[in-house]
Amino acid sequence: MTAMGFIPPAMPDRAKRVFIRTYGCQMNVYDSERMTDLLAPLGFLPSEAPDDADLVILNTCHIREKAAEKVFSELGKIARLKRKKARRGGHMMIAVAGCVAQAEGEEIMRRAPCVDLVFGPQSYHRLPELIARARRSGGSGILDTSFPAEAKFDYLPQSEAAPGVTAFLTVQEGCDKFCSFCVVPYTRGAEYSRPVGQILAEARRLVGFGVREVTLLGQNVNAYHGAGPGGEEHGLGSLLRRLAELPGLARIRYTTSHPCDVDDELVEAHRSVPQLMPYLHLPVQSGSDRVLAAMNRRYTAADYRRIVERLRSARPDLALSSDFIVGFPGESDQDFQGTLDLVGEIGFAQAFSFKYSARPGTPAASAAGQVPEPVKSERLAALQQLLERQQRAFNEACLGRVLPVLFEKSGRHAGQLVGRSPYLQSVHAVADPCRIGEILPVIITRASSNSLAGSLTEEAAA
Ligand code: SF4
C-alpha cells in the first residue's frame, strides 16, 4: 500500500517500442501519425531507431522508381536486426504498410519471410486487430490489402499528442482519374471524401493543441465532395470557408490538386478567404497536348493556362508550384519544347520534375515509344535549369519586402527561428524561441533558390 492507499497497476519492465519509417508523400506522414495514435493504447511508444523496437513498420510509397526493390533492400536490413534481437531472446514484429504493400503484398509475403504483417493504406485502422492476428499466426504472416467497406476515418482514435504549429489533415483519399502513369487509383482505391463535420472536429482539436496552420491532404484534394450535416454535398471551396470560420486557425493550405477540379467555388475561395494562403501546387505534368492526352490528364495546355489565369485574376499574388514528367513514352523534342514554353509563360515559384519511369501495371508502362535514358536526362536537366532560375527569381523578388512569417521551430544557428512565408518559402530570422507559433513581419534581406532570411521589423522585435 502507498501512503495514499493506492496500489499502482503492475507496469511492464520496459515499454514496448514502435519504429515507423515513412516514405513518400505527406499523406503517408499523416497515416504514420495515425498509426502511432492507434498503437498508443496498446502500450507502444514511438522509437527513434529500429534496432531495439518491438514493432517495425515500413510505411511505403510506390511513386518513385524501383520502389518495391528499395523496400526489399530495407527489409533485408531490418531482418538482420530481427535475428539479432531473437538471439538475445527478444522478438521483433515487422510490418509493411502503404502503397507498395497494397500493390505487391503477395510478393512481399513470398520474398520476405521475416515480414509478419502486410496491410494497405485502407486497412491501417485495423492495426491492433492485425497485430493480434499476426501474433496468433505463429509466424506464417498476415496479409490485408482489401478495401474495407467501412470508412477508415470513423475508426481512427483522436490524437492525444500535440502536433506542433502546423499539421496535416487528410480530407480526401483515393482517385478516379486514372492517369496512365500513376498507381494511386490501384493502391488507394476510389475517391472518398470525409464528412465536413468530422474534418471540422479534427481541425478544432488541432487548433486546441496550438496548431496555427493546417494543410488539407488528398490524392486529388480538390475533387473533395464531402457530406455536410444535412447530407448536402460540399466541395473544397465550401469546406475551406467553413474551416476559415474556426477561431485561431490562421492559415490553410491544400494539396494535391488536379487542374480539372478547379471549380468556381474554389477560385472564389482564393479571392475571398484570407486564411487560404496564396500558394498552390497544381501539377501540369507536360506542356504538350499529345502527351497530356497519352497521360489521360483530361486537359490541354491551353486549359491549364486558362485555369491559372482564372486563379491569378482572383488572387494576383498566387505563387504556383507544379509537377513535371519528362520523357513520357512518345514525347518528341517538339512536345518537350511545349513544356519549356508553358513553364516560360506561367512562371513557377517551385516545382518537382522527374524522368518518366514505368510503374508496373499502369498503361504507360507498356506503351510504345519509350524514350531513351540519355534523352530523358538531357531534357530533365534543361527543364530543371529553367525551373531553378524561376524559383530563384521568385525568391529574389521578395528582397526588401516585409512578409508575414509563421515561425515553426528553432533553426540550426543559435538564436535563429525558421518559419514559412505565405508562399511556403522557408524563412530564417533571429527571434526568441517563445515566438514560435506567432506570425511576425520579417524584412527579407537575403534570398537563395531554396530559402529566405531576414529580420523582424522593429515593432515585432520590441
Ligand atoms: S490525378 Fe493524381 S493521383 Fe489521380 S491518377 Fe492522376 S496522378 Fe494519380
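Everything below is about the structure printed above this text.
Since this is a predicted model, take the numbers as computed values, not measurements.

About the cut-offs
- Residues numbered from 1 in each chain as written.
- Predicted model: local features only at pLDDT ≥ 70, side-chain atom pairs only at ≥ 80, totals over all residues.
- Heavy atoms only, no water.
- Helix = DSSP H or I, 4+ residues; strand = E, 2+ residues; numbered from the N terminus.
- Buried < 20%, exposed > 50% of the residue type's maximum accessible area, 1.4 Å probe, protein only.
- Contact = heavy atoms within 4.5 Å.
- Patch = residues over 30% accessible without salt bridge, like charges linked within 9 Å, V, L, I, M, F, W, Y side chains within 5 Å.
- Areas by Shrake-Rupley, 256 points an atom, 1.4 Å probe, with all protein chains shown as cover.
- Salt bridge = Lys/Arg side-chain N within 4 Å of Asp/Glu carboxyl O.
- Lys, Arg positive; Asp, Glu negative; His and termini not counted.
- Charge placed at Lys NZ, Arg CZ, Asp CG, Glu CD.
- Pairing = 2+ DSSP bridges.
- Axes fitted to C-alpha atoms, helices over the stretch in contact; angles between N-to-C directions.
- Near = heavy atom within 4 Å.
- Nonpolar A, V, L, I, M, F, W, Y, C, P; charged D, E, K, R; others polar.

A. Molecular detail of the environment of Lys85. Tracing the sequence through the fold places Lys85 in helix α2 (residues 67-87). The buried category is assigned to Lys85, whose relative accessible area is 7%. It is 9.3 Å that separates the C-alpha atoms of Lys85 and Asp54, two residues lying 31 residues apart in sequence. Setting aside its immediate chain neighbours within four residues, Lys85 contacts Asp52, Ala53, Asp54, Gly90, His91 and Met92.

B. Up close: a positive patch on the surface. A cluster of basic residues, Arg80, Arg83, Lys84 and Arg87, forms a positive patch at the surface. Checked against the element boundaries, Arg80 lands in helix α2.

C. Region of interest: the sheet that holds strand β7 (residues 166-170). In spatial order, the strands read β7-β10-β13; together these three strands make up an open sheet with parallel pairing. The outermost strands of the open sheet, each flanked by one partner alone, are β7 and β13 (251-255). Strand-to-strand twist of the sheet, defined as the mean angle between neighbouring strand axes without regard to direction, takes the value 25°. The sheet contact formed by β7 and strand β10 (residues 213-217) spans five bridges and is parallel. Along β10, the bridge assignment pairs Leu169 with Leu216. Here helix α1 (residues 26-39) sits on the sheet in contact with β7, β10 and β13, set at roughly 90° to β7.

D. Just the site of the ligand, in detail. The ligand sits among Cys175, Lys177, Phe178, Cys179, Phe181, Cys182, Val184, Pro185, His258 and Arg297. Among the residues making up the shell around the ligand, the classes are represented as seven nonpolar, one polar and two charged.

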